[in-house]
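In case you want the letters, here they are:
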Amino acid sequence: MSTAQLPTTPASADVPGPRDRRSAPRGRKPRRIDAGIPGQTPASPPWRVLKSLIILLCCLAVILPFLTVISTSLADNAQVNEAGGFVLWPDHPSFDSYAAILRGGLVTRAMAVSIGVTVVGTALSLLSSITLAYGLSRPGSFGHKPVLMILLFSMLFAPGVIPSYLLIKQLHLINSYWALILPTMVNAFNVIVLRSFFQSIPRELVDAARIDGAGELNILTKIVLPLSRASVAVVGLFYAVSYWNAFFNALLYMNESAKWPMQLVLRTYVVNNAAIGAGEASAAGAPLPPSQALQAAIIVLSIVPIVLVYPFLQRHMNKGVMIGAVKG
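*Asks:* What am I meant to see in empty space enclosed by the protein here?
*Replies:* One water molecule sets the probe size; rolling that probe over the atoms shows where empty space is left. Under the defined criterion, the tally for this structure stands at two cavities of 30 Å³ or more. The volume enclosed by the largest cavity comes to roughly 90 Å³. For the largest cavity, the full set of lining residues is Ser114, Val117, Leu180, Tyr243, Trp244, Ala246, Phe247, Phe248, Asn249, Ala250 and Pro261. Mapped by element, the contributors of at least two residues to the lining of the largest cavity are helix H5 (106–137), helix H11 (229–245) and helix H12 (248–253). Among the elements that line the lining of the largest cavity, the one with the most residues is H12, at three residues. Here the lining of the largest cavity is built from residues that sort into nine nonpolar, two polar and no charged.

Here is the structure:
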């Protein structure tokens, strides 16, 4: 009984098989079949050069405005007038603008107010948001669903300016620093992010802590928060930037200029192009630097605290936001 022989297909000459790789001459590497991500062809050299140029242009578009503002704050009067207002690189750098602003007392007071409001507001916002998010993340907690619905409702419908002003006035908070903190102390989006992360923590850890006799406060402080450092750091950064950049509440509720935060001073003298007097920017009788240099110096001073804090929290940014978004 004869068996039919099946036709054999010849091996491809272009793609060497395992036997061909073993029998390849010594010193000669086998041809690489795929490179990079599977299913994606490597980019051609012209396209790589084009992408590099686009990234370089984007970086220059971001860096040049900062460099121009810093250079203008360090330039003298003659160079500012010669450049027409903005200097790209100062010939003779000088810190006269910063010295004049800090001697006057207005910007120093405003920066102290902004730092105090940011520190106290961020601490209170984190405390209230963490406790609220932890309560909403525990199934079966008292008022779980109604409070969650109210929180989501506040994200869709924001209160108007006039009702907010009347409420602050009825609470006797006009010209009070609490008017800059209490209206924005709890942000619904940040609470939802923290709640989503708290729900992703294994429930077995919480149950084991309860069996060992731990209360809810101990569970929150010793188990949940150490596992949630990334999300807490990101939410804290969100609150800090929000408090530092806020000026509208100060514009509504602060009638005394001595209680103005930094951003309201920045808006008054840069956005509204108001003139800075000798008593506000320097000691009486001292010559004032050019107005453009003073405005640029105020801008630099207003961004320095956030620039100093951001690098320490930036490494938590992607992890905290992505985990909160995906788990939600």
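*Asks:* What should I look at first to understand helix H13 (residues 262–271) in this one?
*Replies:* Two residues of an α-helix separated by three or four positions point the same way, owing to the 3.6 residues in each turn. Among the ten residues in H13, seven count as buried, and that is most of the element. Among all positions in H13, only Met262, Gln263, Leu264, Val265, Leu266, Thr268 and Tyr269 are buried.

*Asks:* For this particular structure, what's the right way to read the pattern of salt bridges?
*Replies:* This model, assessed by the stated rule, comprises two salt bridges. With its nearest N and O atoms 3.7 Å apart, the salt bridge here joins arginine 210 to aspartate 207. Residue arginine 210 and its partner aspartate 207 are both found in helix H9 (residues 203–211); the two are separated by three residues, about one turn of the helix. On the basis of relative accessible area, aspartate 207 is assigned to the partly exposed category, the value being 33%. Here arginine 210 ties to glutamate 216 by a salt bridge, and the two come within 2.8 Å at their closest N and O atoms. Sharing partners across several salt bridges, the network here consists of Asp207, Arg210 and Glu216.

*Asks:* Sorry if this is basic, but what is going on with the layout of surface pockets here?
*Replies:* Of the volumes computed, that of the largest pocket is approximately 720 Å³. Lining the largest pocket are 26 residues, with Ala158, Pro159, Ser164, Pro183 and Thr184 positioned closest to its centre. The residue makeup of the lining of the largest pocket, split by class, is 18 nonpolar, eight polar and no charged.

*Asks:* When you look at the side chain of serine 94 in this model, what are you seeing that I'm missing?
*Replies:* Examined against the element boundaries, serine 94 turns out to sit in the loop between helix H3 (77–83) and helix H4 (96–104). A polar contact of 2.9 Å, which involves the side chain of serine 94, links it to the side chain of aspartate 96. Those residues in contact with serine 94, other than ones at most four positions away along the chain, are Ser73 and Leu74.

*Asks:* What is the right way to read the packing of H5 against H11 from this model?
*Replies:* How two helices pack is summed up by the angle between their axes together with the distance between the axes. Two elements in contact, H5 and H11, have axes whose closest approach is 8 Å; the angle formed by their N-to-C orientations is 140°. Relative to H11, the element H5 lies oblique. The two elements H5 and H11 meet at a crossing, and its hand is right-handed. Judged by residue contacts, Met111, Ser114, Ile115, Val117, Thr118, Gly121, Thr122, Ser125, Leu126, Ser129 and Ile130 of H5 engage Val232, Val235, Gly236, Tyr239, Ala240, Tyr243 and Trp244 from H11. The residue makeup of the contact of H5 with H11, split by class, is eleven nonpolar, seven polar and no charged.

Conventions adopted
Residues numbered from 1 in each chain as written. Predicted model: local features only at pLDDT ≥ 70, side-chain atom pairs only at ≥ 80, totals over all residues. Heavy atoms only, no water. 1 Å grid on protein atoms, 1.4 Å probe; cavity = no way out; pocket = protein on both sides within 12 Å on 5 of 7 lines; lining within 4 Å. Points joined across faces, edges and corners; volume = space filled by probe spheres on them. Helix = DSSP H or I, 4+ residues; strand = E, 2+ residues; numbered from the N terminus. Nonpolar A, V, L, I, M, F, W, Y, C, P; charged D, E, K, R; others polar. Buried < 20%, exposed > 50% of the residue type's maximum accessible area, 1.4 Å probe, protein only. Salt bridge = Lys/Arg side-chain N within 4 Å of Asp/Glu carboxyl O. Polar contact = N/O pair within 3.5 Å; in protein donor to acceptor, adjacent residues only side chain to side chain. Contact = heavy atoms within 4.5 Å. Axes fitted to C-alpha atoms, helices over the stretch in contact; angles between N-to-C directions. Parallel < 35°, antiparallel > 145°, perpendicular 65-115°, else oblique. Left-handed = near helix turned anticlockwise from the far one by under 90°.

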